[in-house]
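# Survey of secondary and tertiary structure
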Amino acid sequence: MKRVVLILPLIAACGGTGTIEVNVYGEDFIEQEIPAASAPGEEGLVDGFTVEYDKFLVALAGLEIANRDDEVAALDESLRIWDVKKPGPHAVAQIEAPAERWDRVSVEMRRASGATAGNADPADVDMMNAGGHTVIATGRVSNETDTYTFDWRFDTETLYADCVDADERPGVNVPTGGTVPMQLTIHGDHLFYDDLQSDDPSLRFAAMAAADTNNDFEVTLEELAAVDLTSLPSDQYGTGGDPEVNDLSAFVTALTRTLVHFQGEGHCVQIKR
Amino acid sequence: MKRIAMTALAIAVPLACGTDTGRQRTTFEVDVAGIDHVSTNDLGWEIALTRADLTIGDLAFFEGDPLFAWSDLWIGKAYAHPGHYVEGEALAELLEPATFDLLQNVPVLYGTADGVTGDYRSAEVRVDRVVLAGTATKDGRTVTFEWAGDIGTNVEGIAFGAIVDSPTGHVDLRVDLAKWFERADFSEVEDGVLVDESQPHRALLRGVVNTSGFLFERKETP
C-alpha cells in the first residue's frame, strides 16, 4: 500500500484525524464474468452472450482528496497500472486526514508513460507504457455456439471529478480516530452498453460479433470501426447526440470514459482530457 | 429514458426571498428558428428542404452539466456523462406543446418560460414529431423525399450556459437542420419514401435527437 503526500498540515485539524483507505476494485463482472441475462429485465447480456475478461488494465493517476475550501488532504500524482481482473479490492493508498467530510474527490485515467505497477504484472505495465494506453481489456465472449476473443486497447484520458456515492453524498467523511474506505470501482460491463445516454442501457454483443467480417472469431477495434451506427437497429447504440460517435469502435471508446465509479455505484463528473 | 415530471416540475424557488438559495422567480421568452436549411452532409448529399416542421412537447432548463459538450468553448471543458446525466436542479420550464415551421426566416416565439434565477447549464427538449420534405442531390442524382416521424423522445443534457439573473433577457433556440441529415445516405430512398429501419430512416432518427442539433443562447435585451 502506498502512502501519499499529505498536503494539509494535520495541525489544522481541531477535531482530530482519521484514515482514508483507498482501493480499486473490478467487482464480479470483471473478476468473474458478465452473464447472459436469464430473462428479460434480468442482469446480463440480452442476446445470450457471456463475457469473461482475461485482463482488465487501467492506468490511474492524480488521485486528489480535497474540500470545497480548496484545502487538499492528499494528492497522489503517481501513475500506476492496475489489473482489476485479479481478485480485489486492491489497496491504493492509506491517507491520514483531518476528521471532516472531504467532499471533492477526483482521479484521472491517464495514458501510461513511465507508469509503475499498482498490482499489474511487469509485462503488462510495459505493454501499457509502450502503447501509451489508458485501458487494455482482453477476454472472451461466448454463446452456445461460438466464442469470440477481443483485445481492445484505448488511449482515452478522462478526469473523474467531484465523485459522489450512490446516495449522492460527495467524497468521504473521515471519522475521528477511525477509518473510512474509499473505492474506485471499475465497471467492466459498461464496455457492452448499448446506449451512451440512457439511464438503463442494455448489455449486448451480437452487433460486435457480426463485425467479425474476416470470421477469425477475434473482434478488433478496426472491425468495429467499420460498423456505422446507422447500419444497426435504431433502438440500439444510441449516442444521445455525441457528434464524435458514429461507429461501434468510437462507441466502445466513448464508453471507456464511464468505467470509473465511486464507492460501488456512485459516480463522478467525467471530463475529457 | 428518464422523464422528469414536467407537469409538476419542482423548481426549487423559496417562497420568500432571501433564503439560502438566493434564487428569485423570473420569466423569459423563448423563440425558435431553424438554421442550415441547405447543407451538404457527411456522405456528400446536398440537402435542400421544402418542409421542416418540429413539434416540441415541452422544454426545461437545469443546473446540471450538459451530457456532451466536447467542443463548447463557453464551458471551458468537455463533459461526458454517458448513462449518468445529472440534470441537477430544475431552473425553468415551458410546458406548452407547439409546432414550428423551421424554414421560416424569422424566429417564432415559443412562449414564456417560468423559472428562477441561477446558473443555467443544460436544457431538455421533448421532441414529439418532425415532418420533413425536400431533395437530396449527389453526383448529378436528385432524390425527392418526404418523412413524418413520431419521435417521442426527451433530448436531454443539451448544452446551455447562461447566468440568468435579470428579467430583461430572452433565450434563442436554434435548430440546426444540417445535424439531422448528417449521416443519411439518400441512395437508399425508394420512391421518395424513407422505409422504416432503412439507413436514411435510422440516420434521421439519430439526427433529430442529436443534442448538438439544438443550440441555446441567452441574450440580454438592451
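On a predicted model such as this, the values are computed, not experimentally measured, just so you know. (Residues numbered from 1 in each chain as written. Chains lettered and ligands numbered in written order. Predicted model: local features only at pLDDT ≥ 70, side-chain atom pairs only at ≥ 80, totals over all residues.)

What follows covers the overall build of chain B. Looking only at helices and strands, chain B features two helices and 11 strands. Here chain B holds 222 residues, and the buried ones make up 43% of them. For chain B, contacts bridging at least 24 residues in sequence account for 81% of all contacts bridging at least 6. (Helix = DSSP H or I, 4+ residues; strand = E, 2+ residues; numbered from the N terminus. Buried ≥ 20, exposed ≤ 12 C-beta atoms within 10 Å, placed from the backbone. Contact = placed C-beta atoms within 7 Å.)

Bringing the overall build of chain A into the picture now. Helices and strands together make up the secondary structure of chain A, namely five helices and 17 strands. In terms of overall dimensions, chain A is globule-like: its C-alpha atoms have a radius of gyration of 19 Å, near the 19 Å expected for 273 residues. Overall size of chain A, expressed as C-alpha extent along the three principal axes, is 65 × 40 × 35 Å. Classification of the 273 residues of chain A by burial places 47% in the buried group. Taking the intrachain contacts of chain A between residues at least 6 apart in sequence as the baseline, contacts between residues at least 24 apart amount to 73%. (Rg over C-alpha atoms; globule rule 2.2 N^0.38 Å.)

On to the nonpolar core, then. Core analysis: the biggest nonpolar cluster contains 78 residues, and Ile20, Val58, Ala59, Ile81 and Ile186 of chain A have the highest contact counts within it. No other element matches strand 3 (residues 50-66) of chain A, which puts nine residues into this core. The contact partners of Ala59 of chain A, leaving out residues within four places of it in the chain, are Leu79, Ile81, Met109, Arg110, Arg111, Ala112, Ala115, Met128, His133 and Thr134 of chain A. Counting 52 residues, the second-largest nonpolar core is a separate cluster that includes Ile47, Ala90, Phe160 and Ala162 of chain B. (Core = buried A, V, L, I, M, F, W, Y, C linked by C-beta atoms within 7 Å.)

The next thing to look at is the sheet that holds strand 16 (residues 260-262) of chain A. All names here are of chain A. Strand order in the open sheet formed by four strands is 6-2-14-16, with mixed pairing between adjacent strands. Of all the strands in the sheet, just strand 6 (90-98) and strand 16 have a single pairing partner and so form its edges. Across this sheet, the average inter-strand angle for adjacent strands is 25°, counted without regard to direction. Here seven bridges tie strand 2 (residues 17-25) to strand 14 (residues 179-186), and the two strands are oriented parallel to one another. In the sheet register, Thr19 faces strand 14, and the bridge partner there is Thr179. (Pairing = 2+ DSSP bridges. Axes fitted to C-alpha atoms, helices over the stretch in contact; angles between N-to-C directions.)

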